[in-house]
Amino acid sequence: MSKWNLIIDLENCTNCNMCVLACQDEHVDNTFPGYAEEMPKHGSRWIEIMRKERGQAPMIDVAYLPVMCQHCDDAPCIKAAENDAISKRDDGIVIIDPVKAKGQKQLVESCPYGAIWWNDDLQLPQHWIFDAHLLDDGWKQPRAASVCATEAIFAKKVDDAEMAKIAEAEGLEVLSPEHGTKPRVYYKNLYRYNKCFIGGSVAAENNGTADCVKDASVKLLKGSDVIAEATTDVFGDFKFDRLDENSGGYKVEITADGFGPKSVDVELGESVTLGDIYL
Amino acid sequence: MGSLMFSLMLFGLRLLIWMQTMRYQAFRDRLKEKNFTAQMKTKDNSVGRWFKFQDGKVTSGSGIKSDADITLTFKTSEIAVRLLMPPIDQLEQINAMKDFLLSLEGPDELTSWFTQTVMMTQTVGWKYGVDMGGGVTRFANMTNGGPVFLYVKDNKLIRITPIDFDENDPEPWTIEARGKTFKPPRKTTLAPHGMNWKSMLNSPDRLLYPMKRVDFDPNGERNPQNRGISGYERISWDEALDMVAGEIKRIKKEHGPGAIANSHGSHHTWGNVGYYLSADFKFINAVGMTRVLHNPDSWEGWYWGASHHWGGSLRVGQTETYGTVEDLLKEAEMVVFWSSNPEGTSGAYGSLEGTVRRKWLKELDIDIVHIDPYYNDSAQFLGGKWLAPKPASSPALAMAIANVWIEEDLYDKDYVRDRTTGFDKWHDYIMGKEDGIAKTPEWAEPETDLKAKEIRALARKWGNRKVYLAAGGWGNGHGGACRNQTGIQWSRSLVCLMAMQGLGKPGVNMGNLQWGTPVDTNFYFPGYAEGGMSGDLHHTAMSVELYQRMPQLPSMNTVEQAIPRLWLPEAIIDGKAEGYAWDGKSIEAQFNKISYPKPGYSPVKMLYKIGGSLISTMADSNRHVKMYQSENLEFCVSQAIWHEGESKFADIILPACTNFERPDISEWAALGGYAFHGQTQLNSRVAIFQHQAIQPMGESKSDYVIFSEICERLGLSAYFTEGISELDWAKRMFDGSDLPQIISWKDFIRKGYVVIPPEQPELRDPVSWNWYYEDRKKDVPEPMPLPSDYKDEYLKGIQTQSGKIEFEASSLKRFDANDPERPPVVKYNNPYGGAEAEKYPLRMITPHPRFSFHTQGDAKDSFVNNIKDHRVEVDGYYYWIIRINAEDAAERGIKMHDLVKVHNDQGAVVCAALVTQRLPRGATHGYESCAIYEPLGEPGNSVDRGGILNLLTPKKSQIKKGHSMGNSTALVEIELWDGKAEHDVTSSIAAPEKEPVPAE
């Protein structure tokens, strides 16, 4: 049985907001009986883009994370719904029944992803419906995917075993797996949102002139273990990424031809740009 | 024989009218509009037929009716037959008008209705759009953000989508580079402001009926001092148009030529017939108006600066754009994005077409450097090294790079010797031989706030490598740092850098994959700058090709007076202004000084304003408030779609409809003229029949119809319209283009779009500048420079005096060798300093917005206001965003989304703070051109919360001997907003007294 999944690659999300706008275009002022009532023009973000800045100028990284209904296979909202107001379709898509769900504000709280939005005018909990109404009508992709210029968002209809293989091969993750809800939305390069880096620039002075040091060898140590190695580029820059936030003390050791070794201790909270390190 | 034939044709017309009445409700409705008698006849009255229209019924008879209301007369039967016999030859028709072989007598409202009704017999049966079932029709249209399908049911727009190509559409091109194959997807992309259109169409700010300012009385008190303060009341179209036409006549008679000025924005809603360069230009020329002469707004530094070194005046100082996508992907080792954010600016009209190609840049692992005070959207997407110079300090960085190249022998000496002139002068300035100051990285460090070691590392990495330089959003200039007070220096310096690296060598060129795709550039469809139906051979690019292909009446403005746009308020208030013309025909044309008023002309007394964007796009724009409130302006009319910006200062408002509510024709990203072959931004060329997808909302009308109806009141409608509707013009443009070679009209208007097949690989355009590098004749398909501008043999060399890239510009030596602002060799001079910088320590950059197209899309209660990087809602109001470095914010006690006052001596704007690491300390960033001006107190003299950062930007032209805005960097201070509406504004222009009158 093939089911819908959504794959979102943070590497290709430019924050253009086309998915957000397409969702508003599709749902504001439009009612699709059995699928969704109209979306409020303001205040609801059925697709929401989260921003993450890492590091400090001038060595930073900025990533965007589109978040929407995760169409979980073990969806807490289904359990929280009275009157069978929320159902799981055979193709994996979760639908909040726009009639049965009326007045059930508790559903907003039930979603650990904050992806159910309360429509105050209609007294209705609402979510991103994967454009099920269009897929049922023969469309090949939900609108969020078809407007994406970089294919940062792409829907795949495959059976669960196949999807598990794809996830394994491409390093896909789900958002906040600790919720245990088995989301059908997968993320690639999620580290750019939820991990952190230590970076810096290696330089040296020669006869009073400062220069970047290229090809310096940089090691990252946790205790006495070398956990990563890097080589500086022409700007003397190095970066160790995919580290856990608040993961404690690290040591950065730098060696380069013609210079004595240098080390810097780092207590890692969020991403840190060490700035210039002179040998 | 001719008489018989003509009689038969007239009888045929009678039959046709009868037949179409039987067949089409729309035609029956049309016939109910007027009651009168028309007749068509020969001059000698030997043949004639009358048509009586009465309550929707048509009767007709042969013979002459002396009491006919209107009469269409042909000189002879033979001429009538020749002109009316299908297929109609447009050129013959135009020639007949020019040769006075036919005449049209009677009131304009009837003649124009009659000719258009006759045309309607041909068009009324046309079928538009694709039936999608369930009562839904899929139409096509074009936005500034790209082509779209419009799904419409019961005259309601349901959804907008980009276009997915069907199986019959041609395959896009393929590029092989470094062992990989690259092919763009079979669909169009859309920019965010295009995706936003449904909410713009249905905006509560739409102007739905004509309005008059409540305290404006053309026959009594006009109260100009209350413009921007008083409210409006609804009036009828007849009242509005009679008043506008009446004022046009009165002002022309009372004051003489030149007393009416016409001012439009730099853009319009898309469509070649309705565009301002088409319909408005014809209107300007028909009425005779003082033109508000545009500065080259997104090209500034390139036009006033770079063109003196490398020519390109007809591209406004920017450069050739051919074949660079393939060359970059195959050859380049690095791309330097310098004030270049194509992901944020969508190539102006290029949608997100370049985005997929820049994704390939990542796949090929080509090194990338971003030089921009803001870690911009392209840096976010592409990664690479970010160098964040202090705003407006980039010329110093460029000079320091040149210094390292010279010092370390990292430039192409053969190229400099053979293909350039004047290097020794540049060398001496850079190395300090001229002024004793070597422009070293250490010299540049305090200027730029970049570390000398990084400047040196960049120069070393760049020198003698194959590097593409991407300047501005297009990569060949355009936008970005060319619009600040050092923009001319920056653009000139970059040309010098490229001249040192061998511009035109494989892999060494200008670009960022935004322009230069291998589409078929030889397939003709006119760009909007070709002037549509304007007949204007002087101010559009029509004479190059469209005039011959789509014959039409020429039009010419008899008023030669013009106002340099940057000084429009001064021209009105002080009664004088001086500037220089933007005229691309030669490098030297920019030396033409224009003065207002022009001797013998009247000062401007009436302003006809199209749209209302100048108050947010021009510098120090509180000046515009003062201008509108000046009693020197007796009458202001605003023709606009939304009630925002300057429409709130008009006396009469004429509601225009959007391009979804009128028919038109166009091609995606086809600018023509100054941005020739803009379609090379695209992965596939797409021409669109812009369906009238829904009826005009409220009582709004298309610009074309509004102009026509004013012209009717001036007896000019036949001249303005040539007797046809905008739909007929669209058909004429189709016929004049190459489109009939690939699609029939019937299929085109049904489907709404056609994909123009890509060029065959072996016939693709050559790479820009490569001919120059190899010292061959110019071989890229652009008709510029003009033939007489070649100095050697035609097509040999470039437009400069030497025919080579000139480090020392001959044109500037000839014009004014001692101009300290623009010396023949570019020199560094940064005006952002001194006492003002101590008072206002932050350098604010105001680049083009990402989510709106200038003012189009912003505010209007539209979808984009929900975008977290566009506006931020605080207490129910959507505030414009100002981005501020985290440490600068902390020092000022500013936290994320706090309301702050951005201010200087010129004014104050309330914004929501976005605290970020994407700016270095001392820099702040907010987009230019929001749509709304919302002063909290007295207009022009209080805090604005609409978000117009241009209230704070310097109005000074970059150079005195130019007409060059330099407002994309300004000095400001930011503090937490105290909630007060007052702010003392220092202005040279005094504010008049005001007595507000409430709106009804």
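Fair warning: this is a prediction, and the values are worked out from it, not measured in the lab.

Engineer: Just checking my understanding: could you explain the overall build of chain A for this structure?
Structural biologist: Secondary structure assignment for chain A yields 7 helices and 17 strands. For a compact globule of 279 residues, the expected C-alpha radius of gyration is about 19 Å, and chain A comes in at 23 Å, more than 25% above that figure. With respect to the principal axes defined by its C-alpha atoms, chain A has extents near 75 × 35 × 35 Å. Residues classed as buried in chain A amount to 56% of the 279 residues present. Contacts spanning at least 24 positions in sequence make up 61% of the contacts within chain A whose residues lie at least 6 apart. Carbon and sulfur atoms provide 46% of the accessible area of chain A, an area that totals close to 11600 Å². Averaged over its 29 positive side-chain charges, chain A has a centre that lies 2 Å from the centre of its 47 negative ones.

Engineer: Teacher, can you tell me more about the packing of aromatic side chains here?
Structural biologist: Centre-to-centre distance and the angle between the planes together describe a pair of aromatic rings. On inspection of all chains with the given rule, the structure shows 61 aromatic pairs over all chains. Geometrically, the ring pair formed by Phe238 of chain A and Phe240 of chain A is tilted, given 5.8 Å between the ring centres and 55 degrees between the ring planes. The same class applies to Phe238 of chain A as to Phe240 of chain A, namely buried. Between Tyr275 of chain B and Tyr528 of chain B the ring centres are 4.2 Å apart and the planes differ by 20 degrees, which places this aromatic pair in the stacked class. Of the two residues, Tyr275 of chain B sits in the loop between strand E14 (260-263) and helix H9 (276-287) while Tyr528 of chain B sits in the loop between strand E21 (509-510) and helix H21 (546-549), which places them 253 residues apart along the sequence.

Engineer: What should I look at first to understand the pattern of salt bridges in this one?
Structural biologist: Close approach of charged atoms allows side chains of opposite charge to pair. This structure, assessed with the given rule, holds 102 salt bridges over all chains. Put simply, Arg685 of chain B and Glu667 of chain B hold a salt bridge, and the shortest N to O gap is 2.6 Å. Of this pair, Arg685 of chain B sits in strand E29 (residues 685-690) while Glu667 of chain B sits in strand E28 (residues 664-667), placing them 18 residues apart in sequence. Glu667 of chain B sits in the buried class, given a relative accessible area of 1%. Notably, a salt bridge pairs Glu821 of chain B with Lys960 of chain B, separated by 3.7 Å at the nearest N-O pair. With a gap of 139 residues between them, Glu821 of chain B in the loop between helix H30 (810-816) and helix H31 (834-839) and Lys960 of chain B in the loop between strand E37 (923-925) and strand E38 (969-976) connect regions that are remote in the sequence. Through salt bridges with shared partners, a single network forms among Glu11, Arg54, Asp61, Arg192 and Asp241 of chain A together with Lys362 of chain B.

Engineer: Can you walk me through the interface of chain A and chain B in this structure?
Structural biologist: How big an interface is tends to be reported as the loss of accessible area on association of its parts. Contacts between the two partners involve 57 residues from chain A, matched on the other side by 54 residues from chain B. Of the roughly 4800 Å² buried between chain A and chain B, counting both surfaces, carbon and sulfur atoms make up 51%. The tally of links between chain A and chain B comes to 10 salt bridges. Among the ionic pairs, Arg460 of chain B bridges to Asp211 of chain A, the shortest N-O distance being 3.2 Å. On the surface where chain A and chain B come into contact, there are 36 residue pairs in polar contact (both at pLDDT 80 or more). If you list the elements that add at least two residues to the side of chain A that touches chain B, you get helix H1 (18-27), strand E2 (48-56), strand E3 (59-67), helix H4 (132-135), helix H5 (143-146), strand E10 (196-206), strand E11 (209-212) and strand E17 (272-278) of chain A. Top contributing element to the side of chain A that touches chain B by residue count: E2 of chain A, with 7 residues. The residue inventory of the side of chain A that touches chain B, partitioned by class, reads 27 nonpolar, 14 polar and 16 charged.

Engineer: Mind showing me how you'd approach the pairing of strand E36 (residues 907-916) of chain B here?
Structural biologist: Strand residues, when the strand is regular, have side chains that alternate between the two faces of the sheet. Residues and elements named next belong to chain B. For E36, a buried count of 10 out of 10 residues is recorded, marking the element as mostly surrounded by other parts of the structure. Pairing analysis gives 5 bridges linking strand E34 (residues 877-885) to E36, with the strands arranged parallel. From the neighbouring strand, Ile881 faces E36, where its bridge partner is Ala912. One ladder, built from 6 bridges, connects strand E35 (residues 899-904) with E36; its direction is antiparallel. Note on E36: the bridge partner recorded for Lys901 is Val910. Two successive antiparallel strands, E35 and E36, enclose a turn made up of 2 residues.

Engineer: Where do I start with a positive patch on the surface in this structure?
Structural biologist: On the surface, Arg23, Lys127, Lys746 and Arg750 of chain B cluster together into a positively charged patch. Within the fold, Arg750 of chain B resides in helix H28 (residues 745-751).

Rules and cut-offs
Residues numbered from 1 in each chain as written. Chains lettered and ligands numbered in written order. Predicted model: local features only at pLDDT ≥ 70, side-chain atom pairs only at ≥ 80, totals over all residues. Heavy atoms only, no water. Helix = DSSP H or I, 4+ residues; strand = E, 2+ residues; numbered from the N terminus. Rg over C-alpha atoms; globule rule 2.2 N^0.38 Å. Buried < 20%, exposed > 50% of the residue type's maximum accessible area, 1.4 Å probe, protein only. Contact = heavy atoms within 4.5 Å. Areas by Shrake-Rupley, 256 points an atom, 1.4 Å probe, with all protein chains shown as cover. Lys, Arg positive; Asp, Glu negative; His and termini not counted. Charge placed at Lys NZ, Arg CZ, Asp CG, Glu CD. Phe/Tyr/Trp six-rings, centres within 6.5 Å; stacked < 30°, edge-to-face > 60°. Salt bridge = Lys/Arg side-chain N within 4 Å of Asp/Glu carboxyl O. Buried area = accessible area lost by both parts, 1.4 Å probe. Polar contact = N/O pair within 3.5 Å; in protein donor to acceptor, adjacent residues only side chain to side chain. Nonpolar A, V, L, I, M, F, W, Y, C, P; charged D, E, K, R; others polar. Pairing = 2+ DSSP bridges. Patch = residues over 30% accessible without salt bridge, like charges linked within 9 Å, V, L, I, M, F, W, Y side chains within 5 Å.

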